[in-house]
Amino acid sequence: MTKQEGPLDSQKIRASTNERLRALGATPRATFPPVLLPQGERPVAEVIERALSLGLVALAAEGFDPPLIQEEIVSFRLANAMTPLEAACAAADGSVDLSTQAELSWYVEGFRALAWALGLELALPPVDDEESQGFTALGRLLDEGSVEALVSKAAPRTTEELVAEADLYRCYRAIYQELIPPDAPRGADPQEGSLGAQAVRNRARAFDWLLDPTSAW
């Protein structure tokens, strides 16, 4: 989405990440993955489509009126931006079980991360707050009426800002990966610091997708 002039200082970014983690009540680890540097750029319109798709799927998973969600999908031409699972959830066709819907409802955090990256939201809340705030932000973007209108309003963050934010959530995710065994029951996640595991996972996933254009959602 944006270009960086000059090399990024990975050590400086990691030091900032560790400081931010401590401020959030999470303990840094020596085993964190390396800083993810951009592997290319995604077009702004593509990022907007993914952001809106994530937000609408989360809204559908929360039980919002399916016909209205379908209207937005058609209006913004998002059908091709959704995975089959996301499309099924948005259509409320009965093929998505309740536990999967519960997980998809957290896509609102991926939406928030991408909306922030696009400069369409001023802040990415650093602590868990009401999900409704994410849906309120989604509503503001939908009110613009088209992807083209949102492209004209977007002011993408600098590469350094994106990498720094990605590093925070990727390292936070690594903390949860260490704390939560792979076979742990869904919904049994412990809380580490101010952000819950699902919010962290979905924000980290959104930044991974954004910084590596070769990756699929």
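Every value quoted in this text rests on a predicted model; they were computed, and no experiment measured them.

About the criteria used
- Residues numbered from 1 in each chain as written.
- Predicted model: local features only at pLDDT ≥ 70, side-chain atom pairs only at ≥ 80, totals over all residues.
- Heavy atoms only, no water.
- Helix = DSSP H or I, 4+ residues; strand = E, 2+ residues; numbered from the N terminus.
- Rg over C-alpha atoms; globule rule 2.2 N^0.38 Å.
- Buried < 20%, exposed > 50% of the residue type's maximum accessible area, 1.4 Å probe, protein only.
- Contact = heavy atoms within 4.5 Å.
- Axes fitted to C-alpha atoms, helices over the stretch in contact; angles between N-to-C directions.
- Parallel < 35°, antiparallel > 145°, perpendicular 65-115°, else oblique.
- Left-handed = near helix turned anticlockwise from the far one by under 90°.
- Nonpolar A, V, L, I, M, F, W, Y, C, P; charged D, E, K, R; others polar.
- Core = buried A, V, L, I, M, F, W, Y, C linked by side-chain atoms within 4.5 Å.

J.: I'd like a description of the overall build of the protein chain, backed by residues and values.
T.: Within the protein chain one finds ten helices and zero strands. Put simply, the protein chain runs from its N terminus to its C terminus through helices and strands in the order α-α-α-α-α-α-α-α-α-α. Against the compact-globule benchmark of 17 Å for 217 residues, the protein chain has a radius of gyration of 17 Å, which places it among compact chains. Within the span of the protein chain, comprising 217 residues, buried residues form 48% of the whole. Look at the contacts in the protein chain between residues 6 or more apart in sequence, and 77% of them connect residues 24 or more apart.

J.: Go over the environment of glycine 139, please, and point to the residues and values.
T.: Structurally, glycine 139 can be placed in helix 7 (residues 131-142). Among the residues examined, glycine 139 registers a relative accessible area of 25% and is labelled partly exposed. Sequence separation between glycine 139 and alanine 184 is 45 residues, and the spatial gap between their C-alpha atoms is 34 Å.

J.: So what's going on with the packing of helix 1 (residues 10-23) against helix 9 (residues 159-179)? Residues and values would help.
T.: The N-to-C vectors of helix 1 and helix 9 enclose an angle of 55°; their axes lie 9 Å apart at closest approach. Relative to helix 9, the element helix 1 lies oblique. Of the two elements, helix 1 crosses helix 9, and the hand of that crossing is right-handed. Of helix 9, the residues touching helix 1 (which contributes Ile13, Arg14, Thr17, Arg20 and Leu21) are Val163, Ala164, Glu165, Asp167, Leu168, Cys171, Tyr172 and Ile175.

J.: How would you summarise the packing of helix 2 (residues 44-61) against helix 4 (residues 84-91) if you had to cite specific residues and measurements?
T.: At a minimum axis distance of 8 Å, the contact between helix 2 and helix 4 shows a crossing angle of 45°. Taken together, the axes of helix 2 and helix 4 are oblique relative to one another. Crossing of helix 2 against helix 4: the hand is left-handed. Facing Arg50, Leu54, Val57, Ala60 and Ala61 of helix 2, the residues of helix 4 in contact are Glu86, Cys89 and Ala90. Within the contact of helix 2 with helix 4, the residues separate by chemical class into six nonpolar, no polar and two charged.

J.: Tell me about the environment of tryptophan 209, and please be specific about residues and values.
T.: Mapped onto the elements, tryptophan 209 comes out in helix 10 (residues 197-211). Note: C-alpha distance between tryptophan 209 and leucine 114 (95 residues apart in sequence) is 9.8 Å. Excluding anything up to four places from it in sequence, tryptophan 209 contacts Arg42, Glu46, Val47, Arg50, Leu114, Ser215, Ala216 and Trp217.

J.: Requested: an account of the nonpolar core, with residues and values cited.
T.: Side chains of a nonpolar character, in soluble globular proteins, are inclined to be buried together. Ranked by size, the top nonpolar core spans 72 residues in total, and within it Leu52, Phe111, Phe207 and Leu210 carry the most contacts. When residues of this core are assigned to their parent elements, the largest contribution, twelve residues, is made by helix 2.

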